[in-house]
Amino acid sequence: MALISRKSFQLYSSSTPASRSALMTLSKRLNLVSGQQKPQNCSSVAMRMLCVKDKFQYTFCRKKHVQLQMQSLSVNEAVHLCGDMSSCTKSNNVWMDEQLFFKKLNSLFTSKEIFYFLSSLEVMSDTMASGALQKISELEVDDNGLKNPELLENEVFRALCFQFELESSKLSNTGLLNALQALIKLRIDPESTLMMSLLSESEERLGRGQLTAEHLCALGESLLELEGPSCATLEQIVNHMQERDIKSWSPREIVMVYKILQVTVREGKQWQSLLNRLNGVTLRAASQLSPNFVSVILNSLVVLRQTRAVLLVTALCKHSVQHVPCFTDHELVNVLEAFLYFGQKVQIFTEALERHVPKSIHTMHPQTVSKVMQYCCKKMILSKPIFDAVAEGFISSADRLTTDQIAAYIIPFGTLNYLPPSASSLFRKLETVLHTRLRHFQPPTLLNLLHSCVLIQRYPINFLPKIFSPYFLQKLQAHPPGLNRVAMSQLTQLFLTVTLECPFYEGPKLLSKYQVKAFPTPQSSLDVHLFKRVKTGLLYLLKKRIYFASEVSTPYFYVVDVEIKLDEEGFVLPAAQLEEVHRRIALCVDGQNRFCAHSHNLLGEEAIKQRHLQLLGYEVVQIPFFEIESLQNTRKIADYLYKKIFPCTYGLSN
């Protein structure tokens, strides 16, 4: 939570000297008993908040720099506040009263009801008072800030704030830190005397080692929200954490330590010993974690680069499956990022996404949808339920998406070579958006987007003159990552596509200096084991190795896995022969890595390659892994290849 400018937003500071004097006089009449003191009777130390007739001003810091002028305390206002009640002689009765208090508090749903309830009480512990502030903050604060600014003018609220400031040194740890958390959430100015008093007291107790693990976590959470990762006190908190017994920590405390470590760990200053202990405890508690806790911990493990915590990551990823419908958008993004970072791919998680996304597509944040598509694309998961829903979502919401989100929605369709049922409407909408907002796209994003379209035979003819223009290419070169090999390959494939598939295109061409000599082939592109079996079968079939060539570079940028040449009469020629070649057969030895995961659907890059080879005059014969993997000996493989390559009977040239 980012706080706005602190200047001129002081609590109490603008009160008049007379009113401040009256408040100080009043403070002498108040008596707050600390948790360490043991009063004879709680009622004897109850505190009565009397009125201050002189008006003074409370100014709170909230979004949009709103200032509120508060009225003076009411003449009839009365609040009795007592310290840590657990030390009172009537502890059993008081504790029962405290239980009843929180039961009643949890049944209230508006701040007005809470203030009415508080004003009816005669005795209230600081734990009760801070709990009430926390409940108010939960009800009255959302992502947009304070929903009901009028609550800050309430007399009970102002009385409690004054009491917490005046008696901060006498508060119990729980009362002090709960109040601090609630007031931060309510956007109280951190430089106000109230907040400075609470913060100062908290840090003094930290320095004296008086805070338990639970209290250390609460203080860390407050400092993270108030000052962010630059707060020097966070490292001090981590030092104290290392001395605590982690095994007894609650899930909330575990999560808070991860969050603190996430922002305090620096290069050369690692807390790996503490992290190892923490990871071990979290593994045992993984199945009991809430959706929010699972999300936060996975995010921290990513930031902290805990690649060795394989068991913990696997357990959390599997546990996240049951929470998919419950995750908020932000939480789901964290989980997906963890799946991507740690290389996790859990089939039942994808199935949970397939049930959740189609139902929620119109309410999900576009960034969440983008992350879902990135997850599918990186994992090569062609999920038709998800892709079909995203296509429908794009058609209805494209005008509200950022350019990066537009690309994230569309590129996976090309990468995974899939056209949804609504493809016509989808690409009409995309064309409309591009016409309207073309200049807003960053050059690499636009190139990636248009390249993905040609993979699935959607040709951006109207936009290619811009792509091939010197001006665009200069911008592309100046924009990271620049005109690297990937970008040049995409440009070359766009050029080859319009040359082969769009002969009517008459716009500018791609200059040769921007063309690659051969499309880059990732090492994983060729399944070495499958390729070896195919070569063994060909050798058995053709008798001599000279009759076929492997990994042949062509003049057309592509590399052919296996090439076989035939003469006019259909006889197989030696691979090195250049004359009398009448036909060329290109064998595409397609392993699992050329298909979508758990699918027989070719990836876009392989599909366009085979399409272009056919247009360039090759007879393309596909040898997919799923047709050959069950063949158990060389003879069967040779028989299979004979039927695939030579549907008619051919001979060998002597």
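As a starting point, this report considers the structure included with it. No experiment lies behind these values; they were computed from the predicted model shown. Along every chain, residues carry numbers that run from 1 in the direction the sequence is written. Residue-level local features of this predicted model are given only where pLDDT is at least 70; pairs of side-chain atoms are given and counted only at 80 or more, and the full residue set underlies all totals for whole chains, interfaces and linings. Working from all heavy atoms in the structure, the side-chain values ignore hydrogens and water.

### Notes on helix 7 (residues 193-207)
Heads up, the rule is: To qualify as a helix, a DSSP run of H or I must reach at least 4 residues; to qualify as a strand, a run of E must reach at least 2; elements of each kind are numbered from the N terminus. Given the number of residues in a helix, its expected span is that number minus one, multiplied by 1.5 Å. Only protein chains enter the area calculation, which uses a 1.4 Å probe; residues under 20% of their type maximum are buried, those over 50% are exposed, and those in between are partly exposed. Residues count as neighbours in contact if any of their non-hydrogen atoms are within 4.5 Å of one another.
If you check helix 7, its first and last C-alpha atoms are 21 Å apart, about what 15 residues at 1.5 Å a residue would give, namely 21 Å. Along helix 7, the residues classified as buried are Leu194, Met195, Ser197, Leu198, Leu199, Glu201, Ser202, Arg205 and Leu206. On its buried side, helix 7 packs onto helix 5 (155-166), helix 6 (173-185), helix 8 (213-227) and helix 9 (233-241). After helix 7 finishes, the residue glycine 209 shows a positive phi value of roughly 70°.

### Some remarks on the pattern of salt bridges
Defined as follows: Salt-bridge detection follows one rule: a side-chain nitrogen of Lys or Arg within 4 Å of a carboxyl oxygen of Asp or Glu.
Under the criterion given, the structure shown has 15 salt bridges. A salt bridge links glutamate 501 to arginine 611, with the shortest nitrogen-to-oxygen separation between them at 3.0 Å. Here glutamate 501 is found in helix 23 (residues 485-501), whereas its partner arginine 611 is found in helix 25 (residues 604-615), with 110 residues between them in sequence. As far as the burial class goes, glutamate 501 and arginine 611 line up, both buried. When salt bridges that share partners are traced, they join Glu201, Glu204, Arg205 and Arg208 into one network.

### Some remarks on the nonpolar core
Here is a general trend for soluble globular proteins: nonpolar side chains tend to be buried in one another's company. Here is the rule we go by: By convention a nonpolar core is built from buried Ala, Val, Leu, Ile, Met, Phe, Trp, Tyr and Cys residues, the set being connected through side-chain atoms within 4.5 Å. Reported domain spans reflect what an automatic or database domain assignment gives.
Formed by 171 residues in total, the largest nonpolar core has its most connected members in Leu261 and Phe349. Here this core gathers at least three residues from each of two domains, domain 1 (96-202) and domain 2 (525-645). Residue contacts for leucine 261: discarding those within four places in its chain leaves Val238, Trp271, Leu274, Leu275, Leu278 and Leu304. Ranked by size, the runner-up nonpolar core spans 30 residues in total, among them Phe531, Leu538, Leu566 and Ala607.

### Some thoughts on the packing of aromatic side chains
The criterion, for reference: Working definition: rings of Phe, Tyr and Trp (its six-membered ring) pair if their centres are within 6.5 Å, and the pair is stacked with planes under 30 degrees apart, edge-to-face with planes over 60 apart, and tilted otherwise. Our definition puts a charge over a ring when NZ of Lys or CZ of Arg is within 6 Å of the ring centre and also within 35 degrees of the ring normal.
As enumerated under the stated definition, the model contains 15 aromatic pairs in all. Ring geometry for phenylalanine 101 and phenylalanine 102: centres 5.1 Å apart, planes at 90°, overall edge-to-face. Their ring planes at 85° and their centres at 5.8 Å tell us that phenylalanine 349 and tyrosine 375 sit as a pair that is edge-to-face. You can see phenylalanine 349 sitting in helix 15 (residues 347-360) and its partner tyrosine 375 sitting in helix 16 (residues 366-378), a full 26 residues away along the chain. Here phenylalanine 349 and tyrosine 375 have matching classes, each one buried. Every member of this aromatic cluster is reached through a ring pair, and the members are Phe101, Phe102 and Phe117. When the ring centre of tyrosine 540 is taken as reference, the NZ or CZ atom of lysine 543 above it lies at 5.5 Å.

### Focus: the packing of helix 5 against helix 7
To keep it simple, the criterion reads: Every axis in this analysis is a line fitted to C-alpha atoms, fitted for helices over the stretch in contact. Angles between the N-to-C directions lie between 0 and 180 degrees. Any angle that is under 35 degrees is reported as roughly parallel, and any over 145 degrees as roughly antiparallel; angles of 65 to 115 degrees are reported as roughly perpendicular and all others as oblique. For any helix crossing, the convention is left-handed if the near helix is rotated counterclockwise from the far helix by under a right angle, and right-handed if that rotation is clockwise. In the scheme used here, Gly and all other residues not listed as nonpolar or charged are polar, with Ala, Val, Leu, Ile, Met, Phe, Trp, Tyr, Cys and Pro taken as nonpolar and Asp, Glu, Lys and Arg as charged.
Put simply, helix 5 and helix 7 touch, their axes get as near as 8 Å, and they point 45° apart. Judged by the angle between their axes, helix 5 and helix 7 are oblique. Crossing of helix 5 against helix 7: the hand is left-handed. Residue-level contacts link Cys161, Phe164 and Glu165 of helix 5 to Thr193, Leu194, Ser197 and Leu198 of helix 7. Grouping the amino acids of the contact of helix 5 with helix 7 by side-chain chemistry returns four nonpolar, two polar and one charged.

### Some words on the environment of glutamate 253
Its place among the elements puts glutamate 253 in helix 10 (residues 251-264). For glutamate 253, a relative accessible area of 10% gives the class buried. Taking C-alpha positions, glutamate 253 is 9.1 Å from histidine 215, a pair spaced 38 residues apart along the chain.

### Here's the deal with the side chain of glutamate 501
As a reminder of what qualifies: Pairing of N or O atoms within 3.5 Å defines a polar contact, subject to two protein rules: one partner must be a possible hydrogen donor and the other a possible acceptor, and residues neighboring in sequence count only if both atoms are side-chain atoms.
Judged by its relative accessible area of 14%, glutamate 501 is buried. Here the side chain of glutamate 501 touches tyrosine 459 through a polar contact of 2.3 Å, side chain to side chain. At 3.0 Å, the side chain of glutamate 501 and the side chain of arginine 611 are in polar contact.

### Regarding the pairing of strand 6 (residues 583-590)
Filter applied, for reference: Strand pairing is defined by DSSP finding a minimum of two bridges between the two strands.
Of all eight residues that make up strand 6, six are buried, and the element is covered over most of its length. As defined by bridge partners, strand 4 (residues 559-566) adjoins strand 6 across five bridges and the pair is classed as antiparallel. By the bridge assignment, glutamate 563 is partnered in strand 6 with alanine 586.

### Some remarks on the side chain of serine 202
Mapped onto the elements, serine 202 comes out in helix 7. Among residues more than four places away in sequence, those in contact with serine 202 are Leu176, Leu177, Leu180, Leu211 and Leu219.

### Remarks on the packing of helix 24 (residues 528-542) against helix 27 (residues 634-645)
One can describe the packing of helix 24 onto helix 27 by two numbers: an axis separation of 8 Å at closest approach and a directional angle of 80°. Taken together, the axes of helix 24 and helix 27 lie roughly perpendicular to each other. Contacts from Arg533, Val534, Thr536, Gly537, Leu538, Tyr540 and Leu541 in helix 24 reach Thr634, Arg635, Ile637, Ala638, Leu641, Tyr642 and Ile645 in helix 27.

The values reported here are purely geometric and, on their own, carry no functional implication.
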